Amino acid sequence: MYLNCKTYFSLRYGTYSTEELVNTAVEMGITTMAITNINNSSDAWDFYNFCINNNIKPILGAEIRNQNKVCFILLAANLEGFENINAFLSYYLQAGIPFPEDAAESPFLGVDSGMFIIYPIAQKPPDKLCLHEFIGISPHHITKLFSFSVKTYSHKLVVLHPVSFQSKKHFNAHRLLRAIDNNVLLSKLHAHQQGSIQEMFISTSDLMSAFSKYPFIISNTLRLCDACNIEMELHTDKNKKTFSATADDDRIFLAKLAFDGCNSRYGTRNKKAKERIEKELAIIDQLGFNAYFLITWDIIRYAQSKGYYYVGRGSGANSIVAYCLQITDVDPIELDLYFERFLNPYRTSPPDFDIDFSWLDRDDVIDYVFKRYGKKQVALLGMVTTFQYNALVRELGKVFGLPKTEIDQLAVKGYARAHSFSNRKADDFIQQLILFYGQLLVNFPNHLSIHPGGMLISESSVYRYTAVYMPPKGFPTTQIDMFIAEKVGLYKLDILSQRGLGHIKETLRLVQENQQVSINIHEIEKFKKDPKVKNQIRKVDTIGCFYIESPAMRQLLRKLECDDYITLVAASSIIRPGVSSSGMMKAYIERYHNPDCFEYIHPIMKELLEETYGVMVFQEDVIKVAHHFAGLDMGEADILRRAMSGKYRGNKEMLRIREKFFENCTERGYPDAISKEVWRQIESFGGYSFSKAHSASFAVESYQSLYLKTWYPKEFMVAVINNFGGFYSRELYLYELEKTGALIHPPCVNNSNWLTHIRGNDVYTGFIHLKSLEQSIAEQLIHERNTSGPYLHLQDMIDRTGIGKESLNILIRIDAFRFTGKTKKQLLWEANMLRGHQKQKQIAGVKLFQEAPLQFSLPDLPTYPLETLYDQMELMDFPLHNPFPMVDADPSQYTPAGKIHLHKGKQVSMLGYLITYKPVLTIKGDTMCFGTFIDSKLDWIDTIHFPDSLQRFPLVGNGFYELTGKVVEDFGVFNLEVSHMQKLGLRKRKSNADQQ
């Protein structure tokens, strides 16, 4: 009888969580109910699961609305009906067109569609209803039956009581959500833009009583409920079952590919590799994942055919079959990676491969998957963005009409830190309301979004499980997230993108173009053994290299004196917050340098963790400890692993495992202190740990970048600049390029392209860096130059392109016409004179006869040394070269970064140009900061700002700072503990001071 229930997946409308809705129904003794969220089926299977577990019959459906108008309610009679509901939703959501107000207008909603349709009274004439269509009557609208032909159409009437909120308080929250959704003040919210306060549960007896004069309506409703029957087994694999003709063909084909790849990777006589392949193939076949491996191989094969660069990572790198299929470049035998971490009979879900592609190539790979495996079977995986503190404060502040300044004061200010509504104090009644309802609405779904890389490839139509919509990405995306997808039995394949691979691809192109050298970037073993690459790591000259360029990572590599692959693999995981914040990173470094000067917490821990000096570094270490130390089975250890990686939702099972962990430890006679310390280390990994295979995959890509940076530094840094991605800004990468000895030129109309490019030792900055120059104008300029030859002079360029005054002035100010031999001021005068004398707009293109440029007599126009730097700052946001000539201070009066090691324990003053900083919270909850600066020689200054210092001397934006403090050292890494800091000014634009 409850055929119109909503949760907060009726986005910005409902206020029930899915579980809370079902629990309330249980308390009220309800035995049948329907989920009908507005244009949405996101939580349908969660609802189904909760209902089945509580002996409630679930009905799946949707409420169809065009903005605030209810069109009709759809209820699935069976699984086919739910599939058609999702197909209907998907068609209109992807097309971005209104839903039909009459279901008969849609081919998805016919009589044989496996669903029932309920219209609000007066929405559709009763004589026009089809066999599967009904009219719904709310208890509050019974009086409308007085004007209705009840006798004639009595068989078409059913109870339709909407349920959306729990209480008056939640109705008020609903109104706030509607005001947010309609972007209006709460006081301006109209009645038709919100629901009715009557949309709450009423008891079955009250419903019966309300329709006591119309018992046939109750009977019709019960018959309709009986006619709806959906059954689906959850947690069973619903991914595509076969790659070739049959499952047996898949088994044979995968074995052939694996052994062929083994011969290529290991040679023909490696018995150990072949034995492991046989073992893995048996498990893969036993668990039914042959097709999964072959589909991944097929995607890789397509990428290889297109010349795309990729990295296979994650726990899939534990598989030698994946290695032999070239899905990954991580040798699991070399690193002693055990396959069971990736796939084992205890595992509750199929494996997932993570494949990184360049951001330039990823969309084409995704498009291939859609076209290869069918648009009805493939979708990007969705996710749900929830309301959090800042967003709620700002949205609620707006609907209550607070001024922006007051909203800013209530929102998080300054350095990022965790905030909650309960510990925030209000200054007045309105702020009290914001904090009260903010607390209520926090973690509510806000809108649907896209998982960073997950794709689903289903055996059946994906509509059987979810509706899909079309976000700006341009590919159909599910309304369900990864947790519900896994509950259904759909397991994602991650097709990810990252800028690091773009760096590699672009470097290979530039090296081929500039030096005519072709590089095989997959010769990883060669890179690992290269002495120059080893030295590059040892020097920590890693700027621009994937995952090893951040200040924290460079300091860690220096502390470890890293120059080999195995140490780099460990470093990739040690740097993660879980390890570092728990104190285990410091312990690892100390034990790494002094392996004989510590004791293991327990003899079993020595057996398990001798390779990592008794420190849990990888997820595998935690699994080993949980299984061998505490006696948890592999299934429970896998739950721990999923919890550590943030892939486990809910903590009931985790609490049970924690209890069992300590019970087992007690049974085994471990002292409580040891058991608690081991669990503390396990907990510290929550959400931040890497599998060893994942770290190894990252290290492979790091080595690829390192090799290119070592042997082709100029091309590599140009590639980094062109990919607009990395830890640092373009500005810093240009300074790194300057340190390679490259001659960097400002944009030039006769040499520059849209992107930066290199010719020999000359680097020409791309027009893309001019923030006010439109791309279309730059491309027209380049096309004309390529078509008709270089520009001869300013007038020639104006005549051939018809360029506008504003764009022309930008090009002159950036010195793009320096080939003329004239100063920028002369050219600006000339340009304005030429534009003034131009009587009509010239047609772009080369003239048949070239004219000599007009001659002008110009006054003496002085130039100043700093003008170029200032123009670059204004036009590009950064100077192309060393910025220190601009600072109003003498760099020679400060301690240079290159000599900081000579002043250990002493107070020094340094002059730094801010590059980046990282605020962190201390144990006491105060904010401190780690800073990264460069000095006048472009060398690095790393700073530490403790809370008292940071509070007195905060960082106030980019620029130059005088830094005073004590030099401290930690495992060969020197930092400045800042005790005093002040931001310095700039020299005047017309200053004649000598450049540094």
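Summary of the structure given here.

Each value, and the rule that gives it
- Residues numbered from 1 in each chain as written.
- Predicted model: local features only at pLDDT ≥ 70, side-chain atom pairs only at ≥ 80, totals over all residues.
- Heavy atoms only, no water.
- Helix = DSSP H or I, 4+ residues; strand = E, 2+ residues; numbered from the N terminus.
- Rg over C-alpha atoms; globule rule 2.2 N^0.38 Å.
- Buried < 20%, exposed > 50% of the residue type's maximum accessible area, 1.4 Å probe, protein only.
- Contact = heavy atoms within 4.5 Å.
- Polar contact = N/O pair within 3.5 Å; in protein donor to acceptor, adjacent residues only side chain to side chain.
- Arc of directions from axis to C-beta.
- 1 Å grid on protein atoms, 1.4 Å probe; cavity = no way out; pocket = protein on both sides within 12 Å on 5 of 7 lines; lining within 4 Å.
- Points joined across faces, edges and corners; volume = space filled by probe spheres on them.
- Axes fitted to C-alpha atoms, helices over the stretch in contact; angles between N-to-C directions.
- Left-handed = near helix turned anticlockwise from the far one by under 90°.
- Nonpolar A, V, L, I, M, F, W, Y, C, P; charged D, E, K, R; others polar.
- Phe/Tyr/Trp six-rings, centres within 6.5 Å; stacked < 30°, edge-to-face > 60°.
- Pairing = 2+ DSSP bridges.
- Salt bridge = Lys/Arg side-chain N within 4 Å of Asp/Glu carboxyl O.
- Disulfide = S-S within 2.5 Å.
- Core = buried A, V, L, I, M, F, W, Y, C linked by side-chain atoms within 4.5 Å.
- Parallel < 35°, antiparallel > 145°, perpendicular 65-115°, else oblique.

1. Topic: the overall build of the protein chain
On a plain count of helices and strands, the protein chain comes out with 36 helices and 23 strands. For the protein chain, whose C-alpha radius of gyration is 33 Å, the value lies close to the compact-globule estimate of 30 Å for 996 residues. Each principal axis of the C-alpha atoms in the protein chain carries an extent, and together these give about 100 × 85 × 65 Å. A burial count over the protein chain gives 56% of its 996 residues as buried. In the protein chain, the proportion of contacts linking residues at least 24 apart, taken out of those at least 6 apart, comes to 69%.

2. Observations concerning the environment of H757
Locating H757 in the fold gives a position in strand 17 (residues 757–759). Of the residues examined, H757 reaches a relative accessible area of 9% and is grouped as buried. Along the chain, H757 and Y670 lie 87 residues apart, while their C-alpha atoms are 64 Å from each other. The contact partners of H757, leaving out residues within four places of it in the chain, are V718, N751, S752, D762, V763 and Y764. Separated by 2.6 Å, the side chain of H757 and the backbone oxygen of N751 make a polar contact.

3. Thoughts on helix 1 (residues 18–27)
By the burial criterion, the buried members of helix 1 are T18, L21, V22, T24 and A25. The buried residues of helix 1 occupy an angular sector of 155 degrees when the element is viewed end-on, so they sit on one face. Tucked into the core, helix 1 has its buried residues touching strand 1 (2–5), strand 2 (32–35), helix 2 (44–53) and strand 8 (162–163). G29 lies just past helix 1 and shows a positive phi near 75 degrees.

4. Considering helix 2
In terms of burial, helix 2 is a largely internal element, eight of the ten residues being buried. Among the residues of helix 2, A44, W45, D46, F47, Y48, N49, F50 and C51 are the ones counted as buried. Buried residues belonging to helix 2 abut helix 1, strand 2, strand 3 (57–66), helix 3 (79–95) and helix 15 (482–488). Of the residues one or two after helix 2, N55 is the one with positive phi, at around 60 degrees.

5. Side note on the side chain of N66
Relative to the elements of secondary structure, N66 occurs in strand 3. The buried category is assigned to N66, whose relative accessible area is 18%. Separated by 2.8 Å, the side chain of N66 and the backbone nitrogen of F99 make a polar contact.

6. A few points about empty space enclosed by the protein
Scanning the entire structure with this criterion turns up five cavities of 30 Å³ or more. Estimated volume of the largest cavity: approximately 160 Å³. Contributing to the lining of the largest cavity are 15 residues, with N239, K240, A291, Y292 and I295 lying nearest its centre. It is helix 9 (residues 290–305) that provides the largest number of residues to the lining of the largest cavity, a total of four residues.

7. Some points on the packing of helix 32 (residues 794–801) against helix 33 (residues 805–813)
It is at 12 Å that the axes of helix 32 and helix 33 come closest, and there the two elements cross at 145 degrees. Relative to helix 33, helix 32 is oriented so that their crossing is right-handed. Residues L794, M797 and I798 of helix 32 form the contact with helix 33, whose participating residues are L808, L811 and I812. Here the residues of the contact of helix 32 with helix 33 sort into six nonpolar, no polar and no charged.

8. A short note on unusual backbone geometry
Of note, the phi angle at A122 is positive, near 75 degrees, even though the residue is not glycine. On the secondary structure map, A122 appears in the loop between strand 5 (115–120) and strand 6 (133–137). For E561, which is not glycine, the phi dihedral falls at a positive 50 degrees. Mapped onto the secondary structure, E561 falls in the loop between helix 19 (551–560) and helix 20 (565–574).

9. Comments concerning the packing of aromatic side chains
The full count for this structure, using the stated rule, is 50 aromatic pairs. Taken together, a centroid distance of 5.3 Å and an interplanar angle of 85 degrees make the contact between F661 and F662 edge-to-face. A residue is classified by how much of its surface remains accessible, and F661, at 0% relative accessible area, is buried. Ring pairs connect the aromatic residues F72, F88, Y91, Y92, F99, F108 and Y119, which therefore count as one cluster.

10. Remarks on the sheet that holds strand 4 (residues 69–76)
Reading across from one edge, 7-6-5-4-3-2-1-8 is the order of the eight strands in this open sheet, with mixed pairing throughout. Where the open sheet ends on each side, the last strands, each with one partner, are strand 7 (157–159) and strand 8. In this sheet, strand 5 lies alongside strand 4 in antiparallel orientation, the contact comprising four bridges. Along strand 5, the bridge assignment pairs A76 with M115. The strands that helix 2 touches are strand 2 and strand 3; relative to strand 3, the one it contacts most, it runs at about 150 degrees.

11. Focus on the environment of A103
Its place among the elements puts A103 in the loop between helix 3 and strand 5. The buried category is assigned to A103, whose relative accessible area is 0%. Sequence spacing of A103 and C71 is 32 residues, and the spatial spacing of their C-alpha atoms is 8.5 Å. Filtering out sequence-adjacent residues up to four positions away, A103 remains in contact with F72, L109, I117, Y119 and E133.

12. Considering the pattern of salt bridges
On inspection of all chains with the given rule, the structure shows 49 salt bridges. With a closest N to O distance of 3.0 Å, E736 and K739 form a salt bridge. Here the residue E736 and the residue K739 both occupy positions in helix 30 (residues 730–739), the gap between them amounting to three residues, near one helical turn. Residue classification places E736 among the buried residues on the basis of a relative accessible area of 6%. Residues joined in a network through salt bridges with shared partners are R813, K824, D871, E874 and R989.

13. Topic: the state of the cysteines
According to the stated counting rule, one finds zero disulfides in the structure shown. Its sulfur unpaired, C545 is 12 Å from the next cysteine sulfur, which belongs to C562. On the accessibility criterion, C545 (0% relative accessible area) is buried.

14. Comments concerning the nonpolar core
The biggest cluster of nonpolar side chains holds 110 residues, and the ones touching the most others in it are L811 and F817. The dominant element in this core, judged by the number of residues it contributes, is helix 28 (residues 692–711), at eight residues. Residues in contact with F817, not counting those within four places in the same chain, are V749, L794, M797, L808, L811, I812 and L827. W45, A76, L89 and F99 belong to the second-largest nonpolar core, a separate cluster that totals 67 residues.

15. Thoughts on the sheet that holds strand 18 (residues 762–764)
The sheet built from three strands is open, its strands ordered 16-18-17 with mixed pairing. Each edge of the open sheet carries a strand with a single partner, namely strand 16 (743–745) and strand 17. Across the sheet, the mean angle separating the axes of adjacent strands is 25 degrees when strand polarity is ignored. Pairing between strand 16 and strand 18: three bridges, direction parallel. Counterpart to L743 in the pairing with strand 18 is D762.

16. Quick look at the side chain of T932
Within the element layout of this structure, T932 appears in strand 20 (residues 927–934). For T932, a relative accessible area of 3% corresponds to the buried category. Contact partners of T932, with chain neighbours within four places excluded, come to P551, R554, Y913, L914, I915, T916, W940, I941, D942 and T943.

17. Examining the packing of helix 20 against helix 28
Contact geometry of helix 20 with helix 28 gives a least axis separation of 8 Å together with a crossing angle of 120 degrees. By the angle between their axes, helix 20 is oblique relative to helix 28. The handedness of the crossing between helix 20 and helix 28 comes out as right-handed. Contacts from Y565, L568, V569, S572 and S573 of helix 20 reach helix 28 at K692, S695, A696, F698, A699, V700, S702 and Y703. Among the residues forming the contact of helix 20 with helix 28, the class breakdown is eight nonpolar, four polar and one charged.

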